[in-house]
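Chains, contacts and geometry: an overview
Read off the chains here:
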Amino acid sequence: MTTQKKATAARRPDDKPYDFNLDAVEAEVDLTPFVFQYQGRRWSMAHLMDLDIMPLITAAQNGDAAAMLGAFREALGKDWPAFEKVGLKQFRLQPLFEAYQGHCGMAPGESGASTDS
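Right, let's walk through the structure included here. (Residues numbered from 1 in each chain as written. Predicted model: local features only at pLDDT ≥ 70, side-chain atom pairs only at ≥ 80, totals over all residues. Heavy atoms only, no water.)

**Some remarks on the overall build of the protein**
Convention followed: For the purposes of this entry, the term helix denotes a DSSP run of H or I that reaches at least four residues, the term strand denotes a run of E that reaches at least two, and both are numbered from the N terminus. Only protein chains enter the accessibility calculation, which uses a 1.4 Å probe; a residue whose area is less than 20% of its type maximum is buried, one above 50% is exposed, and one in between is partly exposed. For the area figures, the Shrake-Rupley method with a 1.4 Å probe applies, and any residue is considered shielded solely by the protein chains shown.
What the protein contains, in helices and strands, is four helices and two strands. Ordered by position from the N terminus, the helices and strands of the protein form the series β-β-α-α-α-α. Residue burial in the protein is summarised as follows: out of 117 residues, 22% are buried. Surface summary for the protein: the accessible area is close to 9200 Å², and the carbon and sulfur share equals 52%.

Shown next as structure tokens:
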């Protein structure tokens, strides 16, 4: 018969309540919004790095076009319904997204989750 040692859980010292403070993480880039003109109106989109990643991941599961539209939806925020109502011709989608990516410091086709490290 083998003697088994019971694993003792390591206790966290009282002066170290966590291993990593995500609240202390700051953006490494300027998060200036992207502003463009369309249909006689100025539109402002939040910087890609300032968007909530969860809806973007969900949209990306449905392909590239869905990922772009998901990014636009999140970036335009409260202005999305008005933008959706105005409509967007398909031939304008890619150039707009590429300009947006360029503003955000990303190469065309680069994922918002990518890093330069």
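**Concerning the nonpolar core**
Across soluble globular proteins, you tend to see nonpolar side chains buried next to one another. Using the following cut-off: Residues grouped as a nonpolar core are buried Ala, Val, Leu, Ile, Met, Phe, Trp, Tyr and Cys residues, joined through side-chain atoms within 4.5 Å. By the convention used here, residues are in contact when the closest approach between their heavy atoms is within 4.5 Å.
Of all hydrophobic cores here, the largest spans 21 residues; its most connected members are Phe36, Met45, Leu48, Phe72, Leu76, Phe83 and Tyr100. Looking at this core, the elements with two or more residues in it are β1 (34-38), β2 (41-45), α2 (64-76), α3 (80-86) and α4 (90-103). Element by element, the count of residues in this core is highest for α2, at five residues. Aside from chain neighbours lying at most four places away, what touches Phe72 is Met45, Trp80, Leu88, Leu93, Leu96, Phe97 and Tyr100.

**Some points on unusual backbone geometry**
Even without a glycine there, the phi angle at Gln39 is positive, about 55 degrees. Relative to the helices and strands, Gln39 is located in the loop between β1 and β2. The exposed category is assigned to Gln39, whose relative accessible area is 55%.

**Re the pairing of β2**
Put simply, the test is: The pairing criterion is simple: DSSP has to find at least two bridges between the two strands.
The pairing of β1 with β2 spans five bridges and is classified as antiparallel. Residue pairing in the sheet places Val35 in a bridge with Ser44 of β2.

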